[in-house]
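Given next are the chains, with one letter for each unit.
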Amino acid sequence: MAEIIDGKKISAEIKEELKEKVASLKSQGIEGCLAVVQVGDDPASCVYVRNKKKACEYIGIKSKSYELPAETTQEELLKLIGQLNEDASVNGILVQLPLPSHIDEKTIINGISPKKDVDGFHPESVGSLTIGQPGFVSCTPAGIIELLKRSHVNIDGKNCVIVGRSNIVGKPMALLMLRENATVTITHSHTKNLQDICKTADILIVAIGKNKFITGDYIKEGAVVIDVGIHRDENNKLSGDVKFDEAEKKASLITPVPGGVGPMTIAMLMYNCVKAMTGMKD
Ligand code: GUN
C-alpha cells in the first residue's frame, strides 16, 4: 500500500519558511506586494483569487485586488498591466486565468513584465527555464518538484513519464524533471500505447484533465504517482486524473486529491512573490 504525500503539510511548511523570510526582508526595509487581477466572476477563479490573497496576508506581503467587469476590453486590461509594470510598489502581477473569450490570453501574458511574472507564464520565463537560466517557474510543476524532494524521492536517473503537454503543467514539468537529471517522456492524447509507456515510469506525473483516467493497470509496482487533476463528481466529491483506490495498491508513494498537488500551487506562488521581492536571486 502506498504512502501518501501530504501536500497540505508540505505547503504549510513552505509558507512558514516564507513567512520568516518575509519578516527578515521587512526588517531590512524590503516590502512585498502582489497585484491580483481578475476579469469577470468565474466562481472557481473567485475561490482561487481569495485563497491567493489569504496566502499573501499569511506570509506578510500586501495584495492589491483589481476585480474588473467581464466586459473589460483587452486594451483596458493591457493599460492596467502597463501601470502595474511601472508601479515600483508592486513586485508581482498575477492575472487570473481563464480570461473572457474576447481577450487574448497570450497578448495579456506577454504584456506582464518578466520581472513581475510570478506565474512564470511569460515567454521569457519559459525560455529561461528551457536553457537553465534563473527566472520564474510555473507554480504547479515547481510545487511537484518540492513535493518529490521533501518526500526524499530520488529523481536523478529515474524514468519519468508525464501525461499531458500543457504550457502551464506538462511542458515546464518536463523541463524541471530534466533539470533534475530524470529521463523524461512526455505523452499526450495522440500517444500510442499510453498504458505501456506509463508502466515504464518510476515517477508518473498525470495532468490530462480526465477524471480517474489512469487505472492501476498503467502503474508499475513501486512507482511514485503524482496526480495534478481535480474533478468534482455527481456527489460533489473531489477526485483526480488517477483512480486512487487502484493506484495506491501499486504505487510506493502517491498524492491524494484533494490535499496533494493543489495546495502546492499557492505555496509556490508565494515563493515566486518572495523571489520577486529579492530581485530574483535565490
Ligand atoms: N487559473 C488556473 N490556474 C492558474 C494559475 O496558476 N495562475 C493563473 N494566473 N490563473 C490560473
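Keep in mind it's a predicted model, so treat the numbers as computed, not measured. (Residues numbered from 1 in each chain as written. Predicted model: local features only at pLDDT ≥ 70, side-chain atom pairs only at ≥ 80, totals over all residues. Heavy atoms only, no water.)

### Considerations on helix α3 (residues 74–86)
Consideration 1: Between its terminal C-alpha atoms α3 stretches 18 Å, which fits the 18 Å expected from 13 residues at 1.5 Å a residue.
Consideration 2: Residues of α3 that are buried include every one of Gln74, Leu77, Leu80, Ile81 and Leu84, and no others. Axial view of α3: buried residues confined to an arc of 125°, hence all on one face. Away from its buried face by more than 90 degrees, α3 exposes Glu75, Lys79 and Glu86. (Helix = DSSP H or I, 4+ residues; strand = E, 2+ residues; numbered from the N terminus. Expected span 1.5 Å × (residues − 1). Buried < 20%, exposed > 50% of the residue type's maximum accessible area, 1.4 Å probe, protein only. Arc of directions from axis to C-beta.)

### Considerations on the environment of Leu176
Consideration 1: Looking at where Leu176 falls in the secondary structure, it is placed in helix α7 (residues 170–179).
Consideration 2: Residues contacting Leu176, with those up to four places away along its chain left out, are Leu129, Val137, Pro141, Ala142 and Ile145. (Contact = heavy atoms within 4.5 Å.)

### Comments concerning the pattern of salt bridges
Consideration 1: Across all of its chains, the model carries nine salt bridges by this definition.
Consideration 2: A salt bridge links Glu13 to Arg150; the shortest N-O distance between them is 3.9 Å. Taken together, the positions of Glu13 in helix α1 (residues 7–27) and Arg150 in helix α6 (residues 139–150) put the pair 137 residues apart, joining distant regions of the chain.
Consideration 3: Residue Glu146 pairs with Arg150 through a salt bridge whose shortest N-O separation is 2.8 Å. Placement of both Glu146 and Arg150 in helix α6 is noted, with a separation of four residues, approximately one turn of the helix. (Salt bridge = Lys/Arg side-chain N within 4 Å of Asp/Glu carboxyl O.)

### Considering the sheet that holds strand β3 (residues 62–68)
What holds strands together in a sheet is hydrogen bonding between their backbones, with the strands either parallel or antiparallel.
Consideration 1: In spatial order, the strands read β3-β2-β4; together these three strands make up an open sheet with parallel pairing. Edge positions in the sheet fall to β3 and β4 (92–95), since each of these pairs with one other strand and no more. Across the sheet, the mean angle from the axis of one strand to that of its neighbour is 15°, orientation sign disregarded.
Consideration 2: Sheet topology note: the strand β2 (residues 33–39)/β4 ladder contains four bridges and is parallel. Within β4, the residue paired with Ala35 across the bridge is Ile93.
Consideration 3: Packing of α3 onto the sheet brings it into contact with β2, β3 and β4, and relative to β2 it is tilted by some 180°. (Pairing = 2+ DSSP bridges. Axes fitted to C-alpha atoms, helices over the stretch in contact; angles between N-to-C directions.)

### Structural notes on the layout of surface pockets
Consideration 1: Empty space within the largest pocket amounts to approximately 1,500 Å³.
Consideration 2: In this structure, the largest pocket is lined by 49 residues; those nearest its centre are Tyr48, Thr140, Ile230, Gly262 and Thr265.
Consideration 3: Among the secondary structure elements, those contributing two or more residues to the lining of the largest pocket are α1, α2 (43–59), β4, α6, β9 (231–232) and α10 (262–277).
Consideration 4: Ranked by residue count, the leading element in the lining of the largest pocket is α2, at eight residues.
Consideration 5: In the lining of the largest pocket, the residues fall into 25 nonpolar, 14 polar and ten charged.
Consideration 6: As a volume, the second largest pocket reaches approximately 370 Å³.
Consideration 7: Around the second largest pocket, the lining comprises 19 residues; the ones closest to its centre are Ile109, Phe121, Val126, Asn167 and Ile168.
Consideration 8: For the lining of the second largest pocket, the elements supplying multiple residues, two or more each, are α4 (105–111), α5 (123–130) and α7. (1 Å grid on protein atoms, 1.4 Å probe; cavity = no way out; pocket = protein on both sides within 12 Å on 5 of 7 lines; lining within 4 Å. Points joined across faces, edges and corners; volume = space filled by probe spheres on them. Nonpolar A, V, L, I, M, F, W, Y, C, P; charged D, E, K, R; others polar.)

Keep in mind that these numbers describe shape and distance, not what the molecule does.
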